[in-house]
Amino acid sequence: MSFETETQTLDVAAAAAARRSIRVYRQEPIPREDLERIFEIVRLAPSAFNVQPWRFVVVTDPELKAKLGAAANGQKQVTGAPAVIVLYTDMKQVLDNVDDIMHPGIPADKRAAGAAGFRESWSQKTDAEREQWGASQGYIALGYLLLAASSLGYGTSPMLGFDPAKVKAALGLPSHVAVPALVAIGRPDEEGFTHHRHPVDRIVAYR
Ligand SMILES: Cc1cc2nc3c(=O)[nH]c(=O)nc-3n(C[C@H](O)[C@H](O)[C@H](O)COP(=O)(O)O)c2cc1C
């Protein structure tokens, strides 16, 4: 087994090639500095209207991890990883702070009009519609997170197999938020499966 990647930073192509779902981890805490490097990359992810609805909770507390593990059908990587990142999205918070997402380079009057238009266009939607849309943006951040972690030699296991209500209850998150994914993260202690992917000519057409 080869884990040399952890001492160097991989470029995006190498990080994508190296990334596999990892479900067994070395029992080593993740330095805060590494998590901060990962989130500095993640925060640069793009989103429609620049909404950036993603929020992250990095869970290392064993009792909380046990609760998340129970919420995730006992998936072993949840309790076995040194940390589990809960990715949630909160469109209510976005809509309560629309000014924050307006680019400072836009003249003030246009920013105000843009913010008002944004609020208006979302006012007819239900909480469920908003949060479903917010979650779709959350998956962009998930992709960045998986690649960023891989670039620093970390293994990850993205998960959808969990009960969102139980995850929210464990962390005391508001009931309206969406939880696009849980991500176990740590130094790999297994190789994971080799890539099994469609060839490019099956997924791309040029016209
Ligand atoms: C959004 C998402 C949800 C996933 N949910 C789970 C999960 O709940 N449990 C699990 O073991 N793997 C889960 N996976 C892992 C996929 O099965 C895996 O990414 C896919 O088979 C490709 O394998 P690879 O990640 O090793 O390249 C999930 C992956 C993604 C992207």
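Description of the structure in this document. (Residues numbered from 1 in each chain as written. Predicted model: local features only at pLDDT ≥ 70, side-chain atom pairs only at ≥ 80, totals over all residues. Heavy atoms only, no water.)

1. Digging into the sheet that holds strand β2 (residues 83-89)
Moving on, step 1. In space, the four strands of this open sheet follow the order β1-β2-β4-β3, with antiparallel pairing throughout. The two strands at the open ends of the sheet, each matched to only one other strand, are β1 (54-59) and β3 (155-159). Ignoring which end each strand starts from, the neighbouring axes of this sheet average 20° apart.
Moving on, step 2. Note: β3 against strand β4 (residues 178-186), five bridges, orientation antiparallel. (Pairing = 2+ DSSP bridges. Helix = DSSP H or I, 4+ residues; strand = E, 2+ residues; numbered from the N terminus. Axes fitted to C-alpha atoms, helices over the stretch in contact; angles between N-to-C directions.)

2. Things to note about the side chain of threonine 156
Moving on, step 1. Tracing the backbone shows threonine 156 in strand β3.
Moving on, step 2. Beyond its immediate sequence surroundings of up to four residues, threonine 156 is in contact with Arg20, Ser21, Ile22, Tyr25, Leu146, Ala149, Val183, Ala184 and Ile185. (Contact = heavy atoms within 4.5 Å.)

3. Regarding the packing of aromatic side chains
Moving on, step 1. Under the counting rule described, the total for this entry stands at five aromatic pairs.
Moving on, step 2. Judged by centre distance (5.3 Å) and plane angle (70°), the ring pair of phenylalanine 49 and phenylalanine 118 falls under edge-to-face. Of the two residues, phenylalanine 49 sits in the loop between α2 (32-42) and β1 while phenylalanine 118 sits in helix α6 (residues 108-122), which places them 69 residues apart along the sequence.
Moving on, step 3. Take phenylalanine 118: its relative accessible area is 5%, and that puts it in the buried class.
Moving on, step 4. When the centroid spacing of 6.3 Å and the interplanar angle of 40° are considered together, the rings of phenylalanine 49 and tryptophan 133 count as tilted. Here tryptophan 133 lies in helix α7 (residues 127-151) and phenylalanine 49 lies in the loop between α2 and β1, a separation of 84 residues in the sequence.
Moving on, step 5. Taking relative accessible area as the criterion, tryptophan 133 reaches 24% and is therefore assigned partly exposed.
Moving on, step 6. Three or more aromatic residues joined by ring pairs form one cluster here, namely Phe49, Phe118, Trp122 and Trp133.
Moving on, step 7. Lysine 125 extends its terminal NZ or CZ atom over the ring of tryptophan 122, reaching a point 5.2 Å from the ring centre. (Phe/Tyr/Trp six-rings, centres within 6.5 Å; stacked < 30°, edge-to-face > 60°. Buried < 20%, exposed > 50% of the residue type's maximum accessible area, 1.4 Å probe, protein only. Lys NZ or Arg CZ within 6 Å of the ring centre and 35° of its normal.)

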